[in-house]
Amino acid sequence: MSSIFGRVISSASALACRNNPNELDDELFEEEPGEEIESAPPLKIGQERVINKKTQLKKKLLKLGLGWESPEFGDEVTLHYVGTLLDVTKFDSSRDEGGEPLSFKLGHDKYLDGLNDGIITMKKGEVSLFTLPFDSCNGNTINGKEIPPNCDIQYEVELVSWITVVDICKDGGIIKRILEKSERNEQPGDLDDVLVKYRVMLDDGSVVAETPEEGVEFQINDGHFCPAFPKAIKTMKRGERVNLLVQAQYAFGEKGRDANHGFPAIPSNSTLTVDLKLISIKHVIDLTGDSKVVKKILKEGEGSHTADEGTPVTVRYTAKLEDNTVFEKKGLDGDLPLEFVTDEDQVIAGLDLAAATMKKGELSIVTVKPDYGFGSTEVKKDLAIVHPCSTVIYEVEMVDFTKAKAPREMNNREKIETAEKKKEEGNTLFKSGKYQKASRRYDKVVQSGHRLPAVDYITVDGTFWDDEQQHVDSLRVLCWLNHAACCLKLNNYPEAIELCSKVLDVEYHNVKALYRRAQAYMKTADFDLSELDINKALEVDPDNREVKILHKTLKQLRSESNKGDAKLYTNMLTRMREDSTVVSKRQKVEKAEVEEMSEVAQKEIEQAAGSLGGADVEQTMDVSAPPQCIS
């Protein structure tokens, strides 16, 4: 089917050409991007507007479409159209000759090029009338009908449907055509398990692989069938169905594949066509960042809230060893479920971490390595013995949890009471040497440093009354100071400095903040800053014993540092002198060797001159020149 618009190129087509120079003629590069059409209000039925200033393309809406989505350049559109002159003389139509709609790749194939800017504004089912000046086509004909010069042309277009096309690897190696869109935005990650159905065919239509009716499950990271599968599936949403065109480099390459599982062989350098559907996703989360506690979600929970730390929870579970030996059950076979408070060391660390991330009703498989399980000790449980260094697996369901009020749901009295309780919990944990957990308690009372805690009970927001504010300020300072003490124990000196600085912004004379910041500066070898803080602390409290001891320690560190520097410089100078001596000796030896060689050479020259019966000495010496220089 011919079309006069193969020579009328819109600005958007030119832009598509720049992005895909191999697919369009060089002549298409002449146009610039056209008018912004997204900024204009939507057209009403019967309303007409210029939507491209360059080509003066006009659009008149005849029938509203469905939804809000529109096709993009590169998508495969299917539409009906009728082309007429302004006097209603028809010159081109998809409704003739059987009435099959036209399908083509928008912006890439030379069909209705002049209407590209219009088609990308249309919704599914929409009908619009497009008008385009055509004064550049003197004497041209379309479908045997001559187009008069300087004649405008109209196209009535109905957008039947379109298929989104994605170049996954940006090299044409895997082209994805979305056949069925998903209503969800959920996509799989590298660790997730996916259930898919697929059918793989060669160019001749022969099927070389197919899943059973229920599909096949695998982990994205492990790959499946060929390299194209994990790359494509990671771009899909749950419930999405696609058609993949896979080039050989992402399939089986030059080697091909032997016949297996009742399917024929795949020849070398074969292009594959794959009909693929992502049925479901089981999200897998690495809770510790080192795969020592991994949670696979079998059933999603309710809502958006998770149990979080310090929350009373009720769970039921079956606990197994890696060989499937069950060593404990809770809440099953008539047994009562287990109740505990997260982050209170009432269960193994791995189960504790997992429970704090679970939603009500969630069912997950939690795999726990020994570091977060029972460690290197043997533990006798209800149904079996857990041997040292065992990896354990829990199939656990979150039955319920008591979600604490968020700060925004509390009045001022409740905020202060909760903050006091968290501070005391932190103090108890600190005294028992659990500094990391204590840090988290203090951090929940008030935002500390650059962190973004889940709760922040007494942040500076101006909501407290005057009689409450003094107590809140004192509580805030205490939590910052205690948190700084935790950071010193955990060797986190930069955060200790930051927390003490926050205290000193409020109370510039606070001796504890000066003392702890001086300690942190000493650990980072910032001796001048440390001494400055110590001197300020002694100005406030000249008799403070701890500060005096710290000052003495600082002096010792300075002295040792100076001695170390002196020793380093001495060693460097000694090494330099030794190197100088070695160089001097080497130079003397080399000079003696050169002099000796010169004497030997001179004797040989004199002997040669004598044997040649008075030949010229300078000419005789010329034998040392390169061969090509010898005459």
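Residues numbered from 1 in each chain as written. Predicted model: local features only at pLDDT ≥ 70, side-chain atom pairs only at ≥ 80, totals over all residues. Heavy atoms only, no water.

What about the overall build of the protein chain?
Which entries qualify depends on this criterion: Only runs of H or I of at least four residues qualify as helices and only runs of E of at least two qualify as strands under DSSP, and these elements are numbered from the N terminus. Per-residue accessibility, obtained with a 1.4 Å probe over protein chains only, is compared with the maximum for each type, and a residue is labelled buried under 20%, exposed over 50%, and partly exposed between these values. Whether two residues are in contact is decided by their heavy atoms, any of which lying within 4.5 Å being enough.
Within the protein chain, the secondary structure is distributed over 12 helices and 24 strands. Looking at the protein chain as a whole, 40% of its 631 residues qualify as buried. Put simply, of all contacts in the protein chain between residues at least 6 apart along the chain, 64% involve residues at least 24 apart.

Comments concerning the nonpolar core
Basically, it comes down to this: Residues belong to a common nonpolar core when they are buried Ala, Val, Leu, Ile, Met, Phe, Trp, Tyr or Cys residues joined through side-chain atoms within 4.5 Å.
Val503, Ala513, Ala520, Ile534 and Val547 are the most contacted members of the largest nonpolar core, which has 36 residues in total. Discounting residues that sit within four places of it in the chain, Val503 has contacts with Val477, Trp480, Leu481, Asn510 and Ala513.

Details of the UniProt feature "repeat: TPR" (unreviewed entry) in the protein chain
To keep it simple, the criterion reads: UniProt positions are given in the numbering used here, feature names are shortened, and annotations may be inferred rather than shown by experiment.
Per the UniProt entry, the sites bearing "repeat: TPR" (unreviewed entry) are residues 511-544 in this numbering. From the first C-alpha to the last, residues 511-544 spans 9 Å; its make-up is 79% helix and 0% strand.

Digging into the pattern of salt bridges
Condition: Put simply, a salt bridge is a Lys or Arg side-chain nitrogen that is within 4 Å of an Asp or Glu carboxyl oxygen.
A complete count under the given rule lists 35 salt bridges for this structure. Arg441 serves as the salt-bridge partner of Asp343, at 2.6 Å between the closest nitrogen and oxygen. Taken as a pair, Asp343 in the loop between β20 (338-341) and α4 (349-355) and Arg441 in helix α6 (residues 435-445) lie far apart in primary sequence, 98 residues in all. Within this structure, Asp343, Glu344, Asp345, Glu425, Lys434, Lys437, Arg440 and Arg441 form a network of salt bridges that share partners.

Thoughts on the packing of aromatic side chains
Between two aromatic rings, the relevant description is the distance of the centres plus the angle of the planes. Put simply, the test is: Note on aromatic pairs: the rings of Phe, Tyr and Trp (six-membered ring only in Trp) are paired at centre separations within 6.5 Å, and the planes decide the class, stacked below 30 degrees, edge-to-face beyond 60, tilted for the rest.
Counted according to the given criterion, the structure contains 10 aromatic pairs. With a centroid separation of 5.3 Å and 90 degrees between ring planes, the pair formed by Phe225 and Phe252 is classed as edge-to-face. Taken together, the positions of Phe225 in the loop between β13 (216-219) and α3 (228-233) and Phe252 in the loop between β14 (241-246) and β15 (272-282) put the pair 27 residues apart, joining distant regions of the chain. Of the residues examined, Phe252 reaches a relative accessible area of 19% and is grouped as buried. Here the aromatic cluster, defined as three or more aromatic residues joined through ring pairs, consists of Tyr198, Phe225, Phe229 and Phe252.

Looking at the environment of Asp528
Considering the arrangement of structural elements, one finds Asp528 in helix α10 (residues 527-540). Separated by 10 residues in sequence, Asp528 and Ala518 have C-alpha atoms that sit 9.6 Å apart.

Quick notes on unusual backbone geometry
A positive phi is found at His261, a non-glycine position, where the angle reads about 50 degrees. Examined against the element boundaries, His261 turns out to sit in the loop between β14 and β15. A positive phi angle, close to 60 degrees, is found at Cys389, a residue other than glycine. Within the element layout of this structure, Cys389 appears in the loop between β23 (385-386) and β24 (392-401). Cys389 sits in the exposed class, given a relative accessible area of 54%.

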